[in-house]
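# A structural walkthrough
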Amino acid sequence: VKYFPTIGFYPIHWAKVRKYFTDEDPADQHAVWERMKRETYLFHYWNKITVKLTPSSGSLMYKVLNNFCLFCDDTGPDG
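My aim in this report is to walk through the structure given alongside it, one point at a time. As the structure is a computational prediction, the values presented were derived from the model and not from experiment. (Residues numbered from 1 in each chain as written. Predicted model: local features only at pLDDT ≥ 70, side-chain atom pairs only at ≥ 80, totals over all residues. Heavy atoms only, no water.)

### Digging into the overall build of the protein chain
The secondary structure content of the protein chain amounts to 3 helices and 0 strands. The N-to-C order of helical and strand elements in the protein chain reads α-α-α. Looking at the protein chain as a whole, 30% of its 79 residues are labelled buried. Counting only contacts in the protein chain whose residues sit at least 6 apart along the sequence, the fraction spanning at least 24 positions is 63%. Accessible surface, the protein chain: about 5,800 Å² in total, of which carbon and sulfur atoms supply 56%. (Helix = DSSP H or I, 4+ residues; strand = E, 2+ residues; numbered from the N terminus. Buried < 20%, exposed > 50% of the residue type's maximum accessible area, 1.4 Å probe, protein only. Contact = heavy atoms within 4.5 Å. Areas by Shrake-Rupley, 256 points an atom, 1.4 Å probe, with all protein chains shown as cover.)

Here it is, written out as structure tokens:
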């Protein structure tokens, strides 16, 4: 059995996920993005919290959805 750290599946805490749909604190969002690219295998989207949110262009969630979401055609072509 191999155990992975939390960032492997839950890189963003549910209480902070709304922030990453905005363009707030771009330096932090970039740092989280870079870490996720190296250490995240699966992203738990917290759909119950985020279902009505639309990611701002350039936000972390915009990048995640445009680069890794298999069923997300509505977020735009650039990530």
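### A word on the pattern of salt bridges
Where charged atoms of side chains with opposite charge meet at close range, the side chains can pair. Applying the stated criterion across every chain yields a total of 5 salt bridges. The closest approach of N and O atoms between Asp 28 and Lys 19, which form a salt bridge, is 2.8 Å. The partner of Glu 39 in a salt bridge is Arg 38, with the nearest N and O atoms 3.9 Å apart. Accessibility expressed as a relative area gives 27% for Glu 39, which makes it partly exposed. What makes Arg 38 exposed here is its relative accessible area of 59%. Among the charged side chains, a salt-bridge network with shared partners connects Lys 19, Asp 25 and Asp 28. (Salt bridge = Lys/Arg side-chain N within 4 Å of Asp/Glu carboxyl O.)

### Topic: the packing of helix α1 (residues 26–39) against helix α3 (residues 60–68)
Relative orientation of the contacting elements α1 and α3 amounts to 30°, with a least axis distance of 9 Å. Overall, the two elements α1 and α3 adopt an arrangement that is roughly parallel. For the pair α1 and α3, contact is made by Gln 29, His 30, Val 32, Trp 33 and Met 36 and by Leu 60, Lys 63, Val 64, Asn 67 and Phe 68, respectively. For the contact of α1 with α3, the class distribution of residues is 6 nonpolar, 3 polar and 1 charged. (Axes fitted to C-alpha atoms, helices over the stretch in contact; angles between N-to-C directions. Parallel < 35°, antiparallel > 145°, perpendicular 65-115°, else oblique. Nonpolar A, V, L, I, M, F, W, Y, C, P; charged D, E, K, R; others polar.)

### Details of the nonpolar core
One finds Ile 12, Val 17, Tyr 20, Phe 21, Val 32, Trp 33, Met 36, Phe 43, Trp 46, Leu 60, Met 61 and Val 64 forming the largest nonpolar core, which totals 12 residues. Elements represented by at least two residues in this core include exactly α1 and α3. The contacts of Tyr 20, once residues within four sequence positions are left out, are Ile 12, Asp 28, Gln 29, Val 32, Ser 59, Leu 60 and Met 61. (Core = buried A, V, L, I, M, F, W, Y, C linked by side-chain atoms within 4.5 Å.)

### As for a nonpolar patch on the surface
Nonpolar side chains collect at one region of the surface, where Phe 4, Tyr 41 and Leu 42 lie side by side and expose about 340 Å² of accessible area between them. Checked against the element boundaries, Tyr 41 lands in the loop between α1 and α2 (47–50). (Patch = residues over 30% accessible without salt bridge, like charges linked within 9 Å, V, L, I, M, F, W, Y side chains within 5 Å.)

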